[in-house]
Amino acid sequence: MAKVVFMTTGLLHEPWGHPRVREFEQRVAGVFGGAESCQGFLGLPWPPGDSTPLIYRSGDQAGRTANTLSVWRDLESVFAFAYAGVHAEALGRRQEWFEHSERPGYAAWWVPDDHVPTWPDAHARFDRLCHAGPSAQAFDFKHAFGPDGQPYQIDRKAATGLMRRNELGVVLAGYLAAWNEPDAGTRRALLERVWAPDGHYTDPGSHATDLAGLDAIIGAFHTGSPGASFTRDGDFDHHHGHLRFFWRLTLRPGVEIRGMDYAQVNAAGKLQTIVGFF
């Protein structure tokens, strides 16, 4: 079996910390957080306990380079991440933060499942792509190769399906993050990103018909159960704007409630309905 390593690279207009690239820096954590919620994401190749930043800052070019590495199950998964969601939004603003270059902005390659990617190998493969063109050693999406070393055509239909699933995963992650947020201002901001203003919420003990009502329910939950937290329990099912997911509520160590929510998403991609069971 094999997995895909995906490297991005670029030269910032200004060194890290400069106001001109501050918005890019502020998006780094969100982009990697978005990757973690994507189908097919296998991780970041940092050794356990390593304090290396999520984004590698090279000492070359006066501290202006920004390179990333991530590992994926297949090419459709990384393609779906690259061209949708938070990464696509940042990609669309690349010229604001990065200098134009004739060199590629990314590279991908296959490695065995037990292989741990390293920066020296990544840079060597990227240089090979720049000087020798796409090959099984390093390639782009237009000239991709499969794990067998043969030319490969990315399944765009499958990638589009993954994009949709990833969008729903981000919405659910934001929704649960709101339930876990005790600060009222931060929680309201989280809800506004994922909840329809006229969304309906109901569970065996409460009911709300708008965003403010749901916000009040969550606030009362934190007052009555300080320190409690929700996590999604496994994957989620979805079709035609309908979702089902399971969750686990830890009230305190050793005390848990498990439940299932049914949800509907509106045309804008926000949660319109939640019906909870537990």
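Above this text is the structure in question.
These notes cover the structure that comes with them. Given the structure is predicted, the values throughout are model-derived calculations rather than measurements.

About the criteria used
- Residues numbered from 1 in each chain as written.
- Predicted model: local features only at pLDDT ≥ 70, side-chain atom pairs only at ≥ 80, totals over all residues.
- Heavy atoms only, no water.
- Helix = DSSP H or I, 4+ residues; strand = E, 2+ residues; numbered from the N terminus.
- Buried < 20%, exposed > 50% of the residue type's maximum accessible area, 1.4 Å probe, protein only.
- Contact = heavy atoms within 4.5 Å.
- Pairing = 2+ DSSP bridges.
- Axes fitted to C-alpha atoms, helices over the stretch in contact; angles between N-to-C directions.
- Salt bridge = Lys/Arg side-chain N within 4 Å of Asp/Glu carboxyl O.

1. Remarks on the environment of Ala-2
- Tracing the backbone shows Ala-2 in strand β1 (residues 2-11).
- Accessibility expressed as a relative area gives 25% for Ala-2, which makes it partly exposed.
- A sequence separation of 144 residues divides Ala-2 from Gly-146, and the C-alpha atoms of the two residues are 9.7 Å apart.
- Sequence-distant contacts of Ala-2, defined by excluding residues within four places in its chain, comprise Arg-73, Trp-110, Val-111, Pro-112, Asp-113 and Pro-147.

2. A few points about the sheet that holds strand β12 (residues 271-277)
- Read from one edge to the other, the open sheet built from six strands follows the order β8-β7-β12-β11-β10-β9, with strand pairing classed as mixed. Taken across any chain shown, the strands that pair with only one partner, and hence form the sheet edges, are β8 (206-208) and β9 (229-239). Averaged over neighbouring strand pairs, the angle between their axes works out to 20 degrees when direction is ignored.
- By the bridge criterion, six bridges tie strand β11 (residues 255-265) to β12 in an arrangement that is antiparallel. Paired with Tyr-262 across the bridge in β12 is Val-275.

3. Focus: the pattern of salt bridges
- Evaluation of the coordinates by the stated rule reveals 17 salt bridges.
- The salt bridge involving Arg-248 is made with Asp-233; its shortest N-O contact spans 3.4 Å. With Arg-248 in strand β10 (residues 242-252) and Asp-233 in strand β9, the pair connects residues that are 15 residues apart, well separated along the chain.
- What makes Arg-248 partly exposed here is its relative accessible area of 24%.
- Through salt bridges with shared partners, a single network forms among Glu-23, Arg-27, Glu-89, Arg-93 and Glu-96.

Purely geometric stuff here, so don't read any function into it on its own.
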